[in-house]
Amino acid sequence: GAPACAPVGDPTVAGPATRGYLAQHQLFEQIPRLAADIAVPDYCALSAEAPAGDEADGGPGPAPVRVNAWFGPAGTVSPLHHDRDHNLFCQVVGRKYVRLYDPVHEEALYPRRGDPLHAVSSRVTSVRDVDDGEFPRFRSAPFADVVLGPGEALFIPAGWWHYIESLTPSFSVSFWWR
């Protein structure tokens with residue numbers, strides 16, 4: 001899954017205020033009654049890989065789909081990273097900006113090397129305010145961007161780099177699978 005998301009300072013409030021962000025949270029396991037409102041899309045059963053199972057489900061067959069919630073105000077950010085699993089990112093409420101980079105351009109995205117915990121993260125902390133001296137190849141990496149609104153979904157293949165920013169208060173659900 002994605003790295004923890006960073007709270008972003010609120011420019012409308014003086015001082016070092018931060019915004020709360022419920023990020024990559026297993027809300028539906030914590031509050032099972034909410035799970036009845038979320039249906040795992042059939043799309044998540046598709047995979048380019050043969051079903052192999054994994055340690056989580058203890059046997060052969062497809063690995064389970066992991067479902068996580070993202071809930072927060074405008075301005076919250078998921079820094080540039082990639083996921084090891086496929087991600088069907090569904091916007092339920094509000095709007096989010098998503099920027100995608102093909103993994104073939106990974107070297108221009110300055111991945112963190114030698115740190116297993118953050119190996120899926122970029123050293124670039126803000127895609128909007130890049131230090132060209134420290135990251136001279138970053139701006140040369142082509143990208144696609146999209147704004148997701150309520151009821152829209154985006155398939156992010158495993159390994160694709162992405163940055164996500166809430167444009168409004170929002171609620172999103174991610175479905176991860178192999």
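Note that the structure is a prediction, hence the values are computed from the model and not measured.

Engineer: Sorry, what's going on with the overall build of the protein here?
Structural biologist: When helices and strands are tallied, the protein shows two helices and nine strands. Each helix and strand of the protein, ordered N terminal to C terminal, gives the series β-α-α-β-β-β-β-β-β-β-β. The buried share of the protein, reckoned over its 178 residues, is 38%. Excluding contacts between residues fewer than 6 apart, the proportion of contacts in the protein whose partners are at least 24 apart in sequence is 81%. Total accessible area computed for the protein in this model is approximately 9700 Å², and 57% of it derives from carbon and sulfur atoms.

Engineer: Is there a simple way to explain the packing of aromatic side chains in this structure?
Structural biologist: Two numbers describe a pair of aromatic rings. These are the distance of the centres and the angle of the planes. Applying the stated criterion to the full structure yields nine aromatic pairs. With 5.7 Å between their ring centres and 55 degrees between their planes, Tyr101 and Phe143 make a pair best called tilted. Of this pair, Tyr101 sits in strand E5 (residues 96-101) while Phe143 sits in the loop between E5 and strand E6 (144-148), and the two are 42 residues apart along the sequence. Judged by relative accessible area, which is 1%, Tyr101 ranks as buried. Classification of Phe143 by relative accessible area gives partly exposed; the value is 41%.

Engineer: Could you clarify how one ought to interpret the side chain of His82 in this entry?
Structural biologist: Within the secondary structure, His82 is located in strand E3 (residues 77-82). Aside from chain neighbours lying at most four places away, what touches His82 is Ala119, Val120, Gly159, Trp160, Trp161 and His162.

Engineer: What's the story with unusual backbone geometry in this structure? I'm lost.
Structural biologist: Negative phi values dominate among residues other than glycine, just as trans dominates among peptide bonds. Here the phi dihedral of Tyr110 falls at roughly 55 degrees; this positive angle occurs in a residue that is not glycine. By the element assignment, Tyr110 lies in the loop between E5 and E6.

Engineer: Looking at this model, I keep getting lost on the confidence of the model for the protein. Mind explaining?
Structural biologist: Caution is warranted with low-pLDDT regions, since their predicted coordinates should not be read in detail. When pLDDT is averaged across the protein, the result is 83; 78% of the residues are at 70 or more. E5 holds the highest mean pLDDT among the elements of the protein, 98, whereas strand E1 (residues 22-25) holds the lowest, 65. Counting contacts from residues 1-16, a segment whose pLDDT is below 50, to residues more than four positions away or on other chains yields 36 contacts. Long-range and interchain partners of residues 53-57, a stretch whose pLDDT sits below 50, account for twelve contacts in this model, where long-range means more than four residues apart.

Engineer: Could you clarify how one ought to interpret the nonpolar core in this entry?
Structural biologist: In summary, soluble globular proteins display a tendency toward joint burial of nonpolar side chains. Core analysis: the largest hydrophobic core is formed by 15 residues, its most contacted members being Leu80, Tyr101, Leu109 and Phe138. When contributions to this core are tallied by element, the ones reaching two or more residues are E3, E5 and strand E8 (161-166). Aside from chain neighbours lying at most four places away, what touches Phe138 is Leu80, Tyr101, Ala108, Leu109, Tyr110, Val124, Val127 and Val130. In terms of nonpolar packing, the next biggest core, distinct from the first, is built from eleven residues, Phe28, Ala69, Phe171 and Val173 among them.

Engineer: Can you help me understand the pairing of E5 in this one?
Structural biologist: In summary, the side chains of a regular strand alternate between the two faces of the sheet. In terms of burial, E5 is a largely internal element, six of the six residues being buried. The side-chain alternation of E5 yields two buried faces, one formed by Lys96, Val98 and Leu100 and the other by Tyr97, Arg99 and Tyr101. Bridge analysis of E5 against E6 gives five bridges, and the strand direction is antiparallel. Counterpart to Tyr97 in the pairing with E6 is Val147. Pairing analysis gives six bridges linking E5 to E8, with the strands arranged antiparallel.

Engineer: Would you take a moment to explain the pairing of strand E2 (residues 66-72) for this structure?
Structural biologist: Across the seven residues of E2, five count as buried, placing the element largely inside the fold. Judged from the seven bridges that link them, E2 and strand E9 (residues 170-177) form a sheet pairing that is antiparallel. By the bridge assignment for E9, Phe71 is matched with Phe171.

Engineer: What exactly am I supposed to notice about the pattern of salt bridges here?
Structural biologist: All chains considered together, the criterion is met by six salt bridges. Here Arg66 ties to Asp85 by a salt bridge, and the two come within 2.8 Å at their closest N and O atoms. With a gap of 19 residues between them, Arg66 in strand E2 and Asp85 in the loop between E3 and strand E4 (86-93) connect regions that are remote in the sequence. On the basis of relative accessibility, which here comes to 30%, the residue Arg66 falls in the partly exposed class. Where Arg178 meets Asp85, a salt bridge forms, and the shortest distance between an N and an O atom there is 2.8 Å. A residue pair is termed long-range when its members are at least 10 positions apart, and Arg178 in the segment after E9 and Asp85 in the loop between E3 and E4 qualify at 93 residues. With relative accessibility at 47%, the residue Arg178 sits in the partly exposed group. Using a relative accessible area of 3% as the deciding quantity, one classes Asp85 as buried.

Reading guide: rules and limits
- Every chain is numbered on its own, with residues counted from 1 as its sequence reads.
- Reporting in this predicted model follows two pLDDT cut-offs: at least 70 for local features of residues, and 80 or more for side-chain atom pairs to be given and counted; totals over whole chains, interfaces and linings ignore these cut-offs and use all residues.
- Computation of side-chain values covers all heavy atoms of the structure but excludes hydrogens and water.
- Per the convention used, a helix needs a DSSP run of H or I reaching at least four residues, while a strand needs a run of E reaching at least two, with both numbered from the N terminus.
- We call a residue buried when its accessible area falls under 20% of the maximum for its residue type, exposed when it is over 50%, and partly exposed in between, using a 1.4 Å probe and counting protein chains only.
- We call two residues in contact whenever any of their non-hydrogen atoms come within 4.5 Å of each other.
- Shrake-Rupley sampling with a 1.4 Å probe provides the accessible areas, and residues are treated as covered by the protein chains on show and by no other component.
- Aromatic rings from Phe, Tyr and Trp, taking only the six-membered ring of Trp, are treated as a pair when their centres fall within 6.5 Å; an angle between ring planes under 30 degrees marks them as stacked, one over 60 as edge-to-face, and anything in between as tilted.
- One number per residue, pLDDT, summarises how confident the predictor is, and it ranges from 0 to 100.
- In plain words, nonpolar cores are sets of buried Ala, Val, Leu, Ile, Met, Phe, Trp, Tyr and Cys residues tied together by side-chain atoms within 4.5 Å.
- Pairing between strands is defined by DSSP: at least two bridges between them are needed.
- Salt bridges, as used here, are contacts in which a Lys or Arg side-chain nitrogen is within 4 Å of a carboxyl oxygen on Asp or Glu.

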